[in-house]
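Read off the chains here:
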Amino acid sequence: MVSQEDGATVVKCDGMFDLHNCKELHDLLMDAVGSGADVVVDMVNTAYIDTAVLADLATAANKMIARGKRLKVRVAEPSHPHRTLQITGFSVVMDVIASPKEQPPA
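Residues numbered from 1 in each chain as written. Predicted model: local features only at pLDDT ≥ 70, side-chain atom pairs only at ≥ 80, totals over all residues. Heavy atoms only, no water.

Turning our eyes to something else, we now look at the pattern of salt bridges. Taken as a whole, this structure holds 7 salt bridges when the rule is applied. Because the salt bridges share partners, they merge into one network encompassing Glu5, Lys12, Asp42 and Arg74. (Salt bridge = Lys/Arg side-chain N within 4 Å of Asp/Glu carboxyl O.)

Given below as structure tokens:
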């Protein structure tokens, strides 16, 4: 899902993303970074990402850097995507914004 928030294009991702189901995310992300706007990838409700998603994020981040901007990626803390982005050192090429994981109501 894509929306606008404070002048930025927000690509919202929910669930689990791997090689078998990340084509739509890839297309939305590449369209967003090609638009010229600031781009935020909202992965707060994403449980899992694999190397296909990391490759797409790296490509998007490099395209943003070429335009003099930085890709912003929101993740829940703790979460698999947050740990994966930390371990790979992606914060060098993108802003990884961690927020506390929402707890389901009791």
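As a further point, take the nonpolar core. Among the nonpolar cores identified, the biggest contains 26 residues, and Met43, Leu57, Leu71 and Val73 are the most heavily contacted of them. The set of elements that each furnish at least two residues to this core consists of β2 (8-17), α1 (23-34), β3 (38-49), α2 (51-66) and β4 (71-77). Of the residues forming this core, the biggest block, 7 residues, is contributed by α2. (Core = buried A, V, L, I, M, F, W, Y, C linked by side-chain atoms within 4.5 Å. Buried < 20%, exposed > 50% of the residue type's maximum accessible area, 1.4 Å probe, protein only. Helix = DSSP H or I, 4+ residues; strand = E, 2+ residues; numbered from the N terminus.)

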